[in-house]
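# Tertiary structure, described
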Amino acid sequence: MSLKGNLETVMELKSSPEKFFTVWKTQAYHIPNHTPDNIHAVDMHEGDWETEGSIKIWRYSVDGKQEVFKEKVVVDEEKNTVGLIGLEGDVMTKYKLFNPTYHLTPKGDGSLARLIIEYEKLDDNIPVPDKYMDFMISITRDIDESLAKA
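A quick note: this is a predicted structure, and the numbers were derived from the prediction, not measured. (Residues numbered from 1 in each chain as written. Predicted model: local features only at pLDDT ≥ 70, side-chain atom pairs only at ≥ 80, totals over all residues. Heavy atoms only, no water.)

### Looking at helix H3 (residues 130–149)
Residues spaced three or four apart along an α-helix face the same direction, because each turn holds 3.6 residues. For H3, built from 20 residues, the straight-helix expectation of 28 Å at 1.5 Å per residue is met to within 8% by its first-to-last C-alpha distance of 29 Å. Regarding H3, the residues found buried are Tyr-132, Met-133, Phe-135, Met-136, Ile-137, Ile-139, Thr-140, Ile-143, Asp-144 and Leu-147. (Helix = DSSP H or I, 4+ residues; strand = E, 2+ residues; numbered from the N terminus. Expected span 1.5 Å × (residues − 1). Buried < 20%, exposed > 50% of the residue type's maximum accessible area, 1.4 Å probe, protein only.)

### Describing the nonpolar core
Grouped burial of nonpolar side chains is what soluble globular proteins tend to show. Ranked by internal contacts, the top residues of the largest apolar core, which has 38 residues, are Trp-24, Trp-58, Tyr-60 and Phe-98. Leaving out residues up to four positions away in the same chain, Trp-58 has contacts with Trp-24, Ala-28, Ile-31, Ile-39, Ala-41, Val-42, Glu-67, Val-68, Phe-69 and Glu-71. (Core = buried A, V, L, I, M, F, W, Y, C linked by side-chain atoms within 4.5 Å. Contact = heavy atoms within 4.5 Å.)

### Thoughts on the environment of Glu-52
Within the fold, Glu-52 resides in the loop between strand E2 (39–46) and strand E3 (55–62). Note on Glu-52: relative accessible area 47%, which makes it partly exposed. Taking the C-alpha atoms as reference, Glu-52 lies 27 Å from Lys-121; in sequence the two are 69 residues apart. In contact with Glu-52, other than residues within four places in its own chain, are Val-73, Val-74 and Val-75. Here Val-75 takes part through its backbone nitrogen, which lies 3.1 Å from a polar atom of the side chain of Glu-52. (Polar contact = N/O pair within 3.5 Å; in protein donor to acceptor, adjacent residues only side chain to side chain.)

### A closer look at unusual backbone geometry
The phi dihedral of Asp-63 falls on the positive side, at around 55°, and the residue is not glycine. You can see Asp-63 is positioned in the loop between E3 and strand E4 (65–76).

### As for the environment of Lys-65
Turning to its location among the elements, Lys-65 is positioned in strand E4. Each C-alpha atom, one on Lys-65 and one on Pro-32, is 16 Å from the other, the two residues being 33 residues apart in sequence. Every residue in contact with Lys-65, bar those within four places of it in the chain, is listed here: Tyr-60 and Asp-90.

### Some thoughts on the UniProt feature "domain: Bet v I/Major latex protein" (unreviewed entry) in the protein chain
When the UniProt feature table is mapped onto this chain numbering, "domain: Bet v I/Major latex protein" (unreviewed entry) sits at residues 2–150. Between the C-alpha atoms that bound residues 2–150 there is a distance of 43 Å. The span itself is 23% helix and 48% strand. (UniProt positions renumbered as here; feature names shortened; annotations may be inferred.)

### Digging into the side chain of Ser-61
By secondary structure assignment, the location of Ser-61 is in strand E3. A relative accessible area of 14% places Ser-61 in the buried class. Separated by 2.6 Å, the side chains of Ser-61 and His-40 make a polar contact. Excluding residues within four positions of it along the chain, Ser-61 makes contact with Asp-37, Asn-38, His-40, Gln-66 and Phe-135.

### Some remarks on the sheet that holds E3
Read from one edge of the open sheet, seven strands run E1-E7-E6-E5-E4-E3-E2, paired in antiparallel fashion. Since the sheet does not close on itself, it has two edges, and those belong to strand E1 (4–13) and E2, each with one partner. The mean inter-strand angle of the sheet, taken between neighbouring strand axes irrespective of direction, is 25°. Pairing geometry for strand E6 (residues 95–107) and strand E7 (residues 110–121), over 12 bridges, is antiparallel. In the sheet register, Asn-99 faces E7, and the bridge partner there is Glu-118. Across the sheet, helix H1 (residues 17–26) is in contact with E1, E3, E4, strand E5 (81–89), E6 and E7; its angle to E6 comes to roughly 150°. Taken strand by strand, H3 contacts E1, E2, E3, E4, E6 and E7, and its axis lies near 20° from that of E1. (Pairing = 2+ DSSP bridges. Axes fitted to C-alpha atoms, helices over the stretch in contact; angles between N-to-C directions.)

In structure tokens:
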């Protein structure tokens, strides 16, 4: 079995690519307000909220367990893509590489969000990160619903 892989899914969102993209690109500090059951806090570790390459520390719950994730954000405005490069945290104790990415494309008044998790397991006994894809889907739904109400 391969240690490397990608998980991918596509979701239809009510919010426009620009609106959803802006939350991740420059307003990540609002994400705990959009999805409080999943994300408990996000702190700036290095840089600022609006600069690519800034490093954030996320506190969240997945499968009822509180975890921490330290990441560096990578933005491609032309492609409406936001990627998080995993640096440290609970998930990095199982995966050598863990990089969630959002790719947004317009669809009517809303958008299509392609959610991708690129990963590399530390060994064959580590499961494919399905629970983290489920988590990513859940926070995406919550953020979209919150933006649709605004």
